[in-house]
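# Working through the structure, step by step
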Amino acid sequence: MKPDILERLLMDRALGSLNPDAEVLLADYLANDPAAAVQARELQETVHLATEVMRRPAPVVEMPTQIHQLVWRRRAERLLALAASFIIGVGLTALLIRANPRQENVAAVNPPTIAKIQPALMKSQIESLPFWSNQRIYLLASAAANSKENVQ
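The model shown is predicted, which means the values in this text are computed figures rather than measured ones.

### Comments concerning the overall build of the protein chain
Each helix and strand in the protein chain was counted, giving seven helices and zero strands. When the elements of the protein chain are put in sequence order from the N terminus, they spell out α-α-α-α-α-α-α. Relative to its full complement of 152 residues, the protein chain shows a buried share of 12%. With the model as given, the accessible surface of the protein chain reaches about 13300 Å², and the carbon-plus-sulfur share is 63%.

### Focus on the packing of aromatic side chains
All chains considered together, the criterion is met by one aromatic pair. Note on Phe-131 and Trp-132: the rings are 4.9 Å apart at their centroids and 90° apart in plane angle, and the pair reads as edge-to-face. Grouping residues by exposure puts Phe-131 and Trp-132 together as exposed.

### Quick word on the side chain of Ser-133
Among the structural elements, Ser-133 can be located in the loop between helix 6 (119–128) and helix 7 (134–151). Looking at Ser-133, its side chain comes within polar contact range of the main-chain oxygen of Pro-130, at 3.0 Å.

### Some words on the confidence of the model for the protein chain
On average, residues of the protein chain score 80 in pLDDT, and 80% of them reach the 70 mark or higher. Helix 5 (residues 103–109) is the least confidently modelled element of the protein chain, averaging 50 in pLDDT, while helix 2 (residues 20–32) averages 91, the highest of any element.

### Examining the packing of helix 1 (residues 3–15) against helix 2
Here helix 1 crosses helix 2 at 120°, and the two axes come no closer than 11 Å. With respect to each other, helix 1 and helix 2 are oriented oblique. Crossing of helix 1 against helix 2: the hand is left-handed. Residues Leu-6, Leu-9, Leu-10 and Arg-13 of helix 1 lie in contact with helix 2, whose contacting residues are Glu-23, Leu-26, Tyr-29 and Leu-30. Grouping the constituent residues of the contact of helix 1 with helix 2 by class yields six nonpolar, no polar and two charged.

Analysis parameters
- Residues numbered from 1 in each chain as written.
- Predicted model: local features only at pLDDT ≥ 70, side-chain atom pairs only at ≥ 80, totals over all residues.
- Heavy atoms only, no water.
- Helix = DSSP H or I, 4+ residues; strand = E, 2+ residues; numbered from the N terminus.
- Buried < 20%, exposed > 50% of the residue type's maximum accessible area, 1.4 Å probe, protein only.
- Areas by Shrake-Rupley, 256 points an atom, 1.4 Å probe, with all protein chains shown as cover.
- Phe/Tyr/Trp six-rings, centres within 6.5 Å; stacked < 30°, edge-to-face > 60°.
- Polar contact = N/O pair within 3.5 Å; in protein donor to acceptor, adjacent residues only side chain to side chain.
- pLDDT = per-residue confidence, 0-100.
- Axes fitted to C-alpha atoms, helices over the stretch in contact; angles between N-to-C directions.
- Parallel < 35°, antiparallel > 145°, perpendicular 65-115°, else oblique.
- Left-handed = near helix turned anticlockwise from the far one by under 90°.
- Contact = heavy atoms within 4.5 Å.
- Nonpolar A, V, L, I, M, F, W, Y, C, P; charged D, E, K, R; others polar.

Below you can see the structure in the form of structure tokens.
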């Protein structure tokens, strides 16, 4: 018998799907060929073990009840919250500045007429004011305008 035909018959026999007439003929052949009988026993044992494994229920895998957040995700959330609060603060400040202009801005737009002040007195007043204040800018501008008027 050809080896591939013998293997198919042995597989059908191990799985229990071989018809009774073919099984009787195969049993007679296996009785005369010891190598084929050894192969039949090995195949029968392999099929038996495989069916036992397949009959066992699969182990139940339980999902964890709490999913842990990653550390980087928490940090990113905090950073985004900080950035959002900063943007909201800047936006509200810009709205408040537009809605309520300060008196310093009004004074810079409509400067009052100032009598000519002595240069030494003006210099001391300018130096006493904060560097970025509107009053200092105004006094510097009027000092420059006064010096231009004096030159002409």
